[in-house]
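Architecture at a glance
Residue strings, one per chain:
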Amino acid sequence: ERFKDEAQYQRGQVYRLELELRALRPQAYQDGLKIGRLEQRVEKLTAENLRLKQKVKDLTVELKHKPKGVPAFVKGNVADRKSAKKPGRAKGHAAALRPMPRTIDVHQTVDCPVDSAGKPSCPHCHVQLSEVKHRERFVEELVPSTVRTTCYHTTSGYCPGCRKTVESRAPEQPPAANVPHAQLGLNALATAAVMRVCYRLPIRQITRLFKHLPGLSISPGAIVKQIQRLGTWLEKQYHRLKLALRVAGVVHADETGWRTNGRNGYLWTLTNAEHTLYHVDSSRGRKVIIELLGEAFGQPADQTLVSDFYSVYDHFDCHQQKCLTHLLRELKDTVAKRPVLAKHAFFIACKRLVKSMLKLKKQQAMMDASKYIAAVKRHEDRLDQLGKQTWNDADADRLTKRIRKHRDSLTTFLHKPEVDGTNNAAERAIRPAVIMRKITGGSRSKEGAKAWSIVASVMRTAEQQGKDVLETIKTLLQAEWAGKDIALLTDTI
């Protein structure tokens, strides 16, 4: 009987404990979730702590080299580096001097004082000179510019055949305009455009230069209007550049922000070794790049598009090369946000592999063909192996997915000698426009943005081809005014 009572009591205890356990399970589940969130927060705060410690360390080193009283936003002095390379050419190398003038415009004889016997003498003590030699000293000087006003006496009349009024015009004379003041001539137009586009001067600075140097008075609004007229006159050359890039073997593409009349937009850039095209658009969508390159781009099997990882470029069914510099930058930025990833196996292996591929490309000319092909195969196998792995980390898996998606576009440059592994060509082409954007803030109107794109494209292309920009603009303007269509910048079209 005693054992029955004990068993009854124990069964009651078990039942009570089961009820308590059932009541505590929801709380235990919530506590488990809370612990997981706290562990994630601890990991995040640990990474943030490491980043801040490194920042404090860098700022401490920077403050040691900053004079007292200097504001915090001023950069400190660079630490002395004993191993730094000295400026200038290495000892034994030929000096880099300006070339001698091709032509001599003026010959001027500078006489030396003579004594009573008619012999050259010292201008100070008047003693006769010995070992007399005749020398040639070359001096290059600027001729002060002046404003020259030309009155063209023209003849106009109505042509029954063309059914319009025609007027005679000199080759260097701009198309006639009924304005109450004088027009700007060819040199003034081209010079203003070069100052604005090539040297990125503000409009009012250009007006001051014209006023101070040659003494030409012109308003800022007139310069804006004249550059828009230049864009109209050079529009045929702009379309020629577009056609040249559509049939080019390798094209680099990039885009950046550009404001027009206070509204956000984008500046697109297409470039290769000889041509550059700028285009301002309100959209960053696929339709813009399709309109620029054309639907048929990539139909010839040898055409290659080099770009970053922006998805709109994937529309073209052609050989592509994704910029490896962008991939390296993504690795670096991710590690900067999460310093714990600096020792992660994926980030170490990926960075090492990308740098190795870029180094292999530079060594291609010095390697035997069979050895180079074998090295390329090894690098591709390593890339495939890297893309197949799973890392159980969000950032590592995200970049691994990118490698798998663009696998064939990461090694195109290793198989095609004319293709670069980076998109530096497009970034170099877009850099002057970015500087222009910082100075001016963008364009004030759609017409101004279009004109700037046209003129900048023509000037950048002339610079790439080693042509004199000012003379190129003048030649193209004269041809347009005469109704001639010349292929000065696009000989292949």
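Just so it is clear, the structure is predicted and the values come from calculations on it, not from any experiment.

1. Some thoughts on the packing of aromatic side chains
Under the definition given, this model contains eight aromatic pairs. Measuring from centroid to centroid gives 6.3 Å for Trp268 and Tyr313, while their planes differ by 70°, and the two rings are edge-to-face. Remark: Tyr313 occurs in the loop between β6 (304-307) and β7 (319-322) and Trp268 occurs in strand β4 (residues 263-271); sequence separation between them is 45 residues. Each member of the pair, Trp268 together with Tyr313, is buried. Consider the rings of Phe297 and Phe316, whose centres lie 5.8 Å apart with planes at 80°: the pair is edge-to-face. Of this pair, Phe297 sits in the loop between α6 (286-293) and β6 while Phe316 sits in the loop between β6 and β7; the two residues are 19 residues apart in sequence, bridging distant segments of the chain. Taking the relative accessible area as the measure of exposure, Phe297 reaches 2% and is therefore buried.

2. Comments concerning the environment of Ala248
Tracing the sequence through the fold places Ala248 in the loop between α5 (235-246) and β3 (250-260). A relative accessible area of 8% means that Ala248 is categorised as buried. Between the alpha carbons of Ala248 and Thr260 there is a distance of 30 Å; along the sequence they are twelve residues apart.

3. With respect to helix α2 (residues 186-198)
Between its terminal C-alpha atoms α2 stretches 17 Å, which fits the 18 Å expected from 13 residues at 1.5 Å a residue. Of all 13 residues in α2, eleven are buried, a share of seventy percent or more. Taken as a whole, α2 has its buried residues at Leu186, Ala188, Leu189, Ala190, Ala192, Ala193, Val194, Met195, Arg196, Val197 and Cys198. On its buried face, α2 is in contact with α3 (203-212), α4 (220-233), α12 (424-440), α13 (446-464) and α14 (469-481). Taken from the residues just after α2, Arg200 is the one with a positive phi, measuring 55°.

4. Some thoughts on the nonpolar core
Leu270, Ile289, Leu305, Trp452 and Met459 are the most contacted members of the largest nonpolar core, which totals 64 residues. Ranked by residue count, the leading element in this core is α2, at ten residues. The residues touching Ile289, leaving out its near neighbours within four places in the chain, are Ala253, Trp268, Leu270, Gly294, Val312, Tyr313 and Phe316. Core analysis: the next-biggest nonpolar cluster, separate from the first, contains 29 residues, Met357, Leu358, Ala375 and Leu410 among them.

5. A few points about a nonpolar patch on the surface
Together, Met100, Ile104 and Phe138 make up an exposed nonpolar region whose accessible area comes to about 310 Å². With respect to the helices and strands, Met100 occurs in the loop between α1 (2-64) and β1 (156-159).

6. Remarks on the side chain of Thr276
With respect to the element layout, Thr276 can be found in strand β5 (residues 276-281). Look at Thr276 and you get buried, because its relative accessible area is 0%. Reaching out from Thr276, the side chain makes a polar contact with the side chain of Gln464 at a distance of 2.5 Å. Sequence-distant contacts of Thr276, that is, excluding residues within four places in its chain, are made with Leu241, Leu245, Thr269, Leu270, Thr271, Ala429, Ser457, Arg460, Thr461 and Gln464.

7. Some details on the environment of Leu189
In this fold, Leu189 is placed in helix α2. Linking Leu189 and Gln226, residues 37 residues apart in sequence, is a C-alpha distance of 7.1 Å. The contact partners of Leu189, leaving out residues within four places of it in the chain, are Leu184, Gln226, Leu230, Trp233 and Trp481.

8. Re the confidence of the model for the chain
Per-residue confidence for the chain gives a mean pLDDT of 90, with 95% of residues at or over 70. For the chain, α1 is the element with the lowest average pLDDT, namely 84, and β5 is the one with the highest, namely 97.

9. Describing the pairing of β6
Burial of β6 is two-sided: the residues Thr304 and Val306 facing one way and the residues Leu305 and Ser307 facing the other way are all buried. In the sheet, β3 pairs with β6 via three bridges, with the strands oriented parallel. Opposite Val250, over in β6, you have Thr304 as the bridge partner. Across four bridges, β6 lies against β7 in parallel orientation. Note on β7: the bridge partner recorded for Val306 is Gln321.

10. Re the pattern of salt bridges
Throughout the structure, instances matching the rule amount to 15 salt bridges. In this structure, Arg98 and Glu140 form a salt bridge, with 2.3 Å as the shortest nitrogen-oxygen distance. Here Arg98 is found in the loop between α1 and β1, whereas its partner Glu140 is found in the loop between α1 and β1, with 42 residues between them in sequence. A residue is classified by how much of its surface remains accessible, and Arg98, at 66% relative accessible area, is exposed. Across the salt bridge formed by Asp395 and Arg338, the nearest N and O atoms sit 2.8 Å from each other. One end of the pair, Asp395, is in helix α10 (residues 394-405); the other, Arg338, is in the loop between α7 (324-337) and α8 (345-362), with 57 residues separating them in the sequence. You can call Asp395 buried: its relative accessible area is 17%. Ionic contacts of the salt-bridge type, sharing partners, join the residues Glu330, Arg338, Asp393, Asp395 and Arg398 into one network.

Rules used throughout
Residues numbered from 1 in each chain as written. Predicted model: local features only at pLDDT ≥ 70, side-chain atom pairs only at ≥ 80, totals over all residues. Heavy atoms only, no water. Phe/Tyr/Trp six-rings, centres within 6.5 Å; stacked < 30°, edge-to-face > 60°. Helix = DSSP H or I, 4+ residues; strand = E, 2+ residues; numbered from the N terminus. Buried < 20%, exposed > 50% of the residue type's maximum accessible area, 1.4 Å probe, protein only. Expected span 1.5 Å × (residues − 1). Contact = heavy atoms within 4.5 Å. Core = buried A, V, L, I, M, F, W, Y, C linked by side-chain atoms within 4.5 Å. Patch = residues over 30% accessible without salt bridge, like charges linked within 9 Å, V, L, I, M, F, W, Y side chains within 5 Å. Areas by Shrake-Rupley, 256 points an atom, 1.4 Å probe, with all protein chains shown as cover. Salt bridge = Lys/Arg side-chain N within 4 Å of Asp/Glu carboxyl O. Polar contact = N/O pair within 3.5 Å; in protein donor to acceptor, adjacent residues only side chain to side chain. pLDDT = per-residue confidence, 0-100. Pairing = 2+ DSSP bridges.

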